[in-house]
Amino acid sequence: MQTAATSIARSATRSMRIIALPLTPPSKPVNGKAAEHLTYYHFITPPENTTKTTWSKWIVAKASDLWAGFGKAPEGNWKRRAFLYGERLIDRLEFEELALKSLDPSLGPKLSNIVHPAGKEKAASVKIPLVYPPSACTSPLPHLQTLLEKRAPRHKKGFIMWLAVSPLTAPFALIPIIPNFPFFFCVWRSWSHYRAYKASQYLEGFLKQGAIVPETSPALDGIYAKYAPRSIPAPTSAAEKPPPPSEHTPHPESKSESESDPRHESEDQSRTADATHETPRLLLTKEAVPELEKLLDLPEGSTFAADVYRALEQARLRLEGGQRKA
């Protein structure tokens, strides 16, 4: 496993890689589309060139330092309270958006390397590995494509909406001492949606050119096998229990006309196909995160652990919510 980690880390310094971490088993396909399942995508890009800093990155760095300073304020201070409340808001954001937002297209390969300005394809000189555990899922490429198709318009709409709302918060600036938190929140949400939207466009471009290539990882398989949790128990109710046999119940050996109907045979086949899909459950526990960090050999200061913890918690809540609705 150490060799695999070294391989992934060394490759990350040369090129971009996508790590797919399935959180739940896939559900059945709908209308021929890829099966839905919760997957966290982590993007590994080459190190940033610190000699060149754009004004946008400078602003983001300053804002991050300012926010981190709020977190270091004494307990009970309004800065500390604002920081804790803001972190709770971040935890409620969908992990898919946070994952896309974390991708900086300027650090990855250029789409122009495989597409001419006129739109003609060049030779496929760029390949982006999509690393995944084969025991947990099949190739995540169709799922990634479906995810981006859904996310791109949503983040474009969110970017425009929050940007339009931000001027309405100007009156809050009249309040002395306390910063205009509503304005900063609106701007931050707009920026977050913009980053996720641009990342979606960037990835869609490489998908169309066939530059994202699935790649199995036995090392990830080992972690999934080691930290597989128990299945979440499915809810039971009185309505789900079969009724007791009565005098009107036909004998098991006798077959009614309806049972020999081809329509009933197709229904039985459909139920059999549905049974092949696993019951909703998590595929990983939080104890797997430190070992995943070690495998990927992430740089110091990486938010990978916090992002995966957040994704696992959201996946758990979504599964429980889905079972309550069932």
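What comes next concerns the included structure. Because the structure is a prediction, the values reported are computed rather than measured. For every chain, the first residue of the written sequence is number 1, and numbering continues from 1 onward in sequence order. In keeping with the predicted nature of the model, local features appear solely for residues at pLDDT of at least 70, side-chain atom pairs appear and are counted solely at 80 or more, and the whole-chain, interface and lining totals rest on all residues. Side-chain measures here rest on the full set of heavy atoms in the structure, leaving out hydrogens and waters.

1. Considerations on empty space enclosed by the protein
- In this analysis, the protein atoms alone were mapped onto a 1 Å grid. Cavities are point sets where a 1.4 Å probe fits without being able to get out; pockets are open sets with protein on both sides within 12 Å along at least five of seven lines; lining residues have an atom within 4 Å of a point. Grid points are joined across faces, edges and corners, and a volume is the space filled by probe spheres set on the points. Under the counting rule described, the total for this entry stands at one cavity of 30 Å³ or more.
- Volume-wise, the largest cavity comes out at about 60 Å³.
- Lining the largest cavity we find Thr 39, Tyr 40, Tyr 41, Phe 43, Phe 95, Glu 96, Ala 99, Leu 100, Leu 144 and Leu 147.
- Put simply, DSSP marks the helices as runs of H or I at least four residues long and the strands as runs of E at least two long, and each gets a number from the N terminus on. Within the residue set of the lining of the largest cavity, elements represented by two or more residues are strand S2 (39–44), helix H4 (95–101) and helix H5 (141–165).

2. Focus: the packing of helix H2 (residues 55–71) against helix H3 (residues 78–92)
- Axis definition: a line fit to C-alpha positions, over the contact stretch in the case of helices; interaxial angles, taken between N-to-C directions, run 0 to 180 degrees. Close contact between H2 and H3 brings their axes to 7 Å; oriented N to C, the two are set at 110 degrees. With respect to each other, H2 and H3 are oriented roughly perpendicular. For the pair formed by H2 and H3, the contact residues are Trp 67, Phe 70 and Gly 71 on the first element and Trp 78, Lys 79, Arg 80, Ala 82, Phe 83, Gly 86 and Glu 87 on the second.
- Three classes are used, and their members are as follows: Ala, Val, Leu, Ile, Met, Phe, Trp, Tyr, Cys and Pro are nonpolar, Asp, Glu, Lys and Arg are charged, and the others, Gly among them, are polar. Looking at the contact of H2 with H3 residue by residue, the class counts come to five nonpolar, two polar and three charged. Any angle that is under 35 degrees is reported as roughly parallel, and any over 145 degrees as roughly antiparallel; angles of 65 to 115 degrees are reported as roughly perpendicular and all others as oblique. The contact criterion used throughout is that any non-hydrogen atoms of two residues lie within 4.5 Å.

3. Considerations on the pattern of salt bridges
- In the sections that follow, a salt bridge refers to a side-chain nitrogen of Lys or Arg positioned within 4 Å of a carboxyl oxygen of Asp or Glu. Considering all chains together, one arrives at 13 salt bridges under this definition.
- The shortest N-O distance in the salt bridge between Glu 94 and Arg 151 comes to 2.4 Å. Taken together, the residues Glu 94 in the loop between H3 and H4 and Arg 151 in helix H5 connect sequence positions 57 residues apart.
- Relative accessible area decides the class of each residue, using a 1.4 Å probe on protein chains only: under 20% of the type maximum gives buried, over 50% gives exposed, and in between gives partly exposed. A residue is classified by how much of its surface remains accessible, and Arg 151, at 5% relative accessible area, is buried.
- Arg 310 is paired through a salt bridge with Asp 307; the nearest N and O atoms lie 3.1 Å apart. Placement of the pair is Arg 310 and Asp 307 together in helix H10 (residues 304–325), with a separation of three residues, close to one helical turn.
- Overlapping salt bridges bring together Glu 94, Glu 96, Arg 151, Arg 154 and Arg 318 as one network.

4. What about helix H9 (residues 289–296)?
- Along H9, the residues that are buried comprise Val 289, Glu 291, Leu 292, Leu 295 and Leu 296. Along the long axis of H9, the arc covered by the buried residues comes to 160 degrees, so they all point the same way.
- Remark: Asp 297 follows H9 within two positions and exhibits a positive phi of approximately 50 degrees. Arc definition: directions from the helix axis to the C-beta atoms.

5. A closer look at the packing of aromatic side chains
- In summary, the pairing rule links any two rings of Phe, Tyr or Trp, Trp by its six-membered ring, whose centres are within 6.5 Å, and it sorts them by plane angle into stacked for under 30 degrees, edge-to-face for over 60 and tilted for everything else. Summed over all chains, the structure comprises 11 aromatic pairs.
- Relative to Phe 184, the ring of Phe 183 has its centre 5.7 Å away and its plane inclined at 65 degrees; by these criteria the two rings are edge-to-face.
- For Phe 183, a relative accessible area of 31% gives the class partly exposed.
- Residue classification places Phe 184 among the partly exposed residues on the basis of a relative accessible area of 48%.
- A centroid spacing of 4.9 Å and a plane angle of 75 degrees characterise the contact between Tyr 202 and Phe 206, whose relative ring orientation is edge-to-face. Of this pair, Tyr 202 and Phe 206 both sit in helix H6 (residues 181–208), four residues apart, roughly one helical turn.

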